[in-house]
Amino acid sequence: MSPQMPSQEMPSQERQTECHCQRVETGLLDTDGCERLDPRLGNLALRVQCEMRTSPVARVFIRASRLPFHTGPEGLSPAIPGLEPGFVTDAEGRILAAGMRPEAPPGPGPYLFTARIWIDPRRPPPPGGPIALPALLRQEGILWVGAAPRLRPQLDWSMPEIGATPRPAGAATAAAAPPRGGRGVVIGVADYGCDIAHANFRHADGRTRLLALWDQNPAGAPAGGLPQGREHAAAAIDAALDHAASGGGCPYDRLGYDPHANYYTEAATVAPGQGAHGTHVLDVAAGNGRGTGLPGLAPEAELVFVQLPRFDWDNAADLAQGAWVYEAAAYIFHKAGDRPAVVNLSLTTNTGPHDGSNLVEQALEALLRRPGRAIVVCAGNARTSGIHAGGTVPPGEARPLRWLLPPGDHLANRLLLCHAADAPLSVSLLDPAGREIPLPPPGQGRHGAFALRRGDGALLGTVGLGQDDGGAAGGRPPLRQIRITLPPSGAPETQGWTLLLRAGERPEERPEERPVRFDAWIERDDPSQSRFDPADADRAMTLGSLACGESAIVVGAYNALAQRRRPAAQFSAEGPTRDGRQKPDLIAPGVGIYAARSKGRCTPGWGGGLSPEAGMVLSGTSQAAPHVAGAVALMLERAREAGGPLPDAARLRDTLRRTGRRDSLTPVEAWDAHAGCGRLDLRAALAALGEAS
């Protein structure tokens, strides 16, 4: 070949059909301290640089050895310019926030918190803006900066099924019923849409049962140490309800909060008649039945609701939702004070290492270091969605994984591939036309951000390579992660991409390489969900990414109306976790659950009482989880009345696992990847807790 050949022009058609993987220097993965940086942030910066993401700001998790606050006469204040932490959790599970005046000195580190940072590598942040990521990494005491996953949401016969005692709406507790309904316990829900006017969340005199509602959406300067949004205290909610009762107009307008706005669907508001997800979930756990005639598990518990930010469809790969879930849980425990509390999270996401090292899971774990606290998480509904593939790649063979983008695909598609860092795996992509694009081999650095391009420069997608050396959770084997993002295809027919996996760094040169275990997950992007080919999909390890934490109580769903058998529902996600731990913990009723339906500004005729359709029927692990959250509230009430030490999250979890119903209806011997430790049995759990006390 002559020396001039490489510089000669290719024919136009060849330039368009040739594809390659091009490294992009964002600067973030090469800065000092990059070993303390989650590789996903480099990929996020690449999407900003390639204009696949519009916002140059991201909310991230930070783990630090130093408290990010100064202590002064006005309370706690931010210690690093441009860094405004939200709620901060210390090593003892204590919760701190800006403006707070702690009665005792803050506990020891490490400290976990979230903050906004600037990730655009092309330009510096504006004056007064958030701190740039390289500047943050230069600060003393910063141990880890990580991304959070985005998250999305997921009774009359179900109460007797689990051993709860049904009561007439609003009736006093029967003398024979051991629990009084969760009195003295706080139930908090982080979700979308709480109907403050629904009778199930009001006392007999019309006052609200909510201690507070934090709407994380409104812009402007927040107050009370909140990182964003607006807090509506019980007094403000009561004033809005009183204003409406006296003929003053809509209580939602008065409060400035609409349970049907800022939702998680592409529509601006909830469709008429649909009802808000959060209202239904809260009612299952703690409604008093005054509107529907059917009380939930803990009708006398005190309530806190956190309205999560509206899902950002313009930045569908945004990572902030997971950060706001941690902020919500910290807020709920903070409002509970010394009272026992349980937080329900009927939210899921698919990608993540599924081993408990997810930054949200780590932060939630830190909150559970104090007794009297619990967090209940739904297992997810992805068992039959084709979102997981796993297996072993033999030496000398190519293992294909076919990734199918649906017809009319209109949302970005994301995939995570994981394997042990000490077991090299070479990966190539085949586009729908069969053109192979080799990704950089494992030996070319631990981190990197790459653009997938055609020969004419058109962007096909992005790839982020990274190695987690245990910085997020500590003490875990290094894990290599490959994150692939493809833009919406927009094609009227299914588009098939293929991953080709080969064991070894250079398998064609070293066929003696050992087999390599891999796992891959496709992120949620419903209603435009991509999936693996059915021949490659695996129903195991389909748990949501929040459902792999150690101390959280993870709940699958089953059909309590089934007569002959009551196994876990077909859609209910399977375990175990990627590192082999037993999740889900148990299953609870989650098929055909009737509970409160919300009304909002978009519903005409809200005045004059609730309509006959005061409830609605939904199915999913989102409905199963609040059954368990309500049960945990009753367990905490029993322990509180006994006068001894409050149980911690692990004891509550283990009690529920130990007392799960395993019988001919649910034939589980010990633990099952689909049904956990069996069906929720409230009476047995209360009895076991009393015996242990």
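Structure shown above.
Parameters and conventions
Per chain, the residues get numbers from 1 upward, laid out in the order the sequence is written. Under the rules for a predicted model, residues below a pLDDT of 70 receive no local features and side-chain atom pairs below 80 are neither given nor counted, while totals for whole chains, interfaces and linings still include all residues. Side-chain measures were taken over the full set of non-hydrogen atoms in the model, leaving aside hydrogen atoms and water. Per the convention used, a helix needs a DSSP run of H or I reaching at least four residues, while a strand needs a run of E reaching at least two, with both numbered from the N terminus. Relative accessibility thresholds used throughout: buried, under 20% of the residue-type maximum; exposed, over 50%; partly exposed, between the two (1.4 Å probe, protein chains only). Under this definition, polar contacts are N or O atom pairs within 3.5 Å; protein pairs additionally need one hydrogen-donor-capable and one acceptor-capable atom, and for neighbouring residues in sequence, both atoms have to be side-chain atoms. Centre distance within 6.5 Å is the pairing criterion for rings of Phe, Tyr and Trp, where only the six-membered ring of Trp is used; planes under 30 degrees apart are then read as stacked, over 60 as edge-to-face, and the remainder as tilted. Each salt bridge in this description consists of a side-chain nitrogen of Lys or Arg and a carboxyl oxygen of Asp or Glu lying within 4 Å of one another. Between N-to-C directions, angles span 0 to 180 degrees; the directions come from axes that are lines fitted to C-alpha atoms, helices contributing only their stretch in contact. Crossings are classed by handedness, with left-handed meaning an anticlockwise turn of the near helix from the far one by less than a right angle and right-handed meaning a clockwise turn. In what follows, a contact means two residues having at least one pair of non-hydrogen atoms within 4.5 Å. Think of it as three bins: nonpolar holds Ala, Val, Leu, Ile, Met, Phe, Trp, Tyr, Cys and Pro, charged holds Asp, Glu, Lys and Arg, and polar takes everything else, Gly as well. Detection works on a 1 Å grid of protein atoms alone, calling trapped sets that fit a 1.4 Å probe cavities and calling open sets with protein on both sides within 12 Å along at least five of seven lines pockets, with lining residues defined by an atom within 4 Å of a point. Grid points are joined across faces, edges and corners, and a volume is the space filled by probe spheres set on the points.

The next point concerns the side chain of Ser-357. Position of Ser-357 relative to the elements: it lies in the loop between strand E15 (347-348) and helix H9 (359-367). On the basis of relative accessibility, which here comes to 6%, the residue Ser-357 falls in the buried class. Side chain to side chain, Ser-357 and Asp-355 meet in a polar contact 2.5 Å long.

We now examine the packing of aromatic side chains. Evaluated as defined, the whole model comprises 5 aromatic pairs. Both rings, one in Trp-214 and one in Tyr-331, keep their centres 5.0 Å apart while their planes meet at 50°; by these two values the pair is tilted. Of this pair, Trp-214 sits in strand E11 (residues 210-215) while Tyr-331 sits in helix H8 (residues 320-336); the two residues are 117 residues apart in sequence, bridging distant segments of the chain. Residue Trp-214 is classed as buried on the basis of its relative accessible area, which comes to 0%. Grouping aromatic residues by their ring pairs yields a cluster made of Phe-87, Trp-214, Trp-324 and Tyr-331.

Take the pattern of salt bridges next. For the structure on display, the rule yields 21 salt bridges. As a salt-bridge pair, Arg-502 and Glu-436 come within 3.6 Å of each other at their nearest N and O atoms. Pair noted here: Arg-502 is in strand E25 (residues 495-503) and Glu-436 is in strand E21 (residues 436-438), with a separation of 66 residues, a long-range link. The exposure class of Arg-502 is partly exposed, given its relative accessible area of 25%. For Asp-585, the salt bridge identified is with Lys-583, shortest N-O distance 2.9 Å. Judged by relative accessible area, which is 1%, Asp-585 ranks as buried. Residue Lys-583 is classed as buried on the basis of its relative accessible area, which comes to 3%. Residues joined in a network through salt bridges with shared partners are Glu-550, Asp-579, Arg-581, Arg-653 and Asp-654.

Attention now moves to the packing of helix H7 (residues 277-286) against helix H10 (residues 621-642). As a packed pair, H7 and H10 sit with axes 7 Å apart at the nearest point and diverge in direction by 35°. Crossing handedness for the pair H7 and H10: right-handed. For the pair H7 and H10, the contacting residues are His-277, His-280, Val-281, Val-284 and Ala-285 in the first and Ser-622, Gln-623, Pro-626, His-627 and Gly-630 in the second. Its residues placed into classes, the contact of H7 with H10 shows 4 nonpolar, 6 polar and no charged.

Approximately 480 Å³ is the volume attributed to the largest pocket. Contributing to the lining of the largest pocket are 20 residues, with Arg-94, Gly-337, Asp-338, Arg-370 and Arg-373 lying nearest its centre. Where the lining of the largest pocket is concerned, the elements lending two or more residues are strand E6 (95-96) and H8. Broken down by element, the lining of the largest pocket gets its largest block of residues, 3 residues, from H8. Class assignment for the residues of the lining of the largest pocket results in 10 nonpolar, 3 polar and 7 charged.

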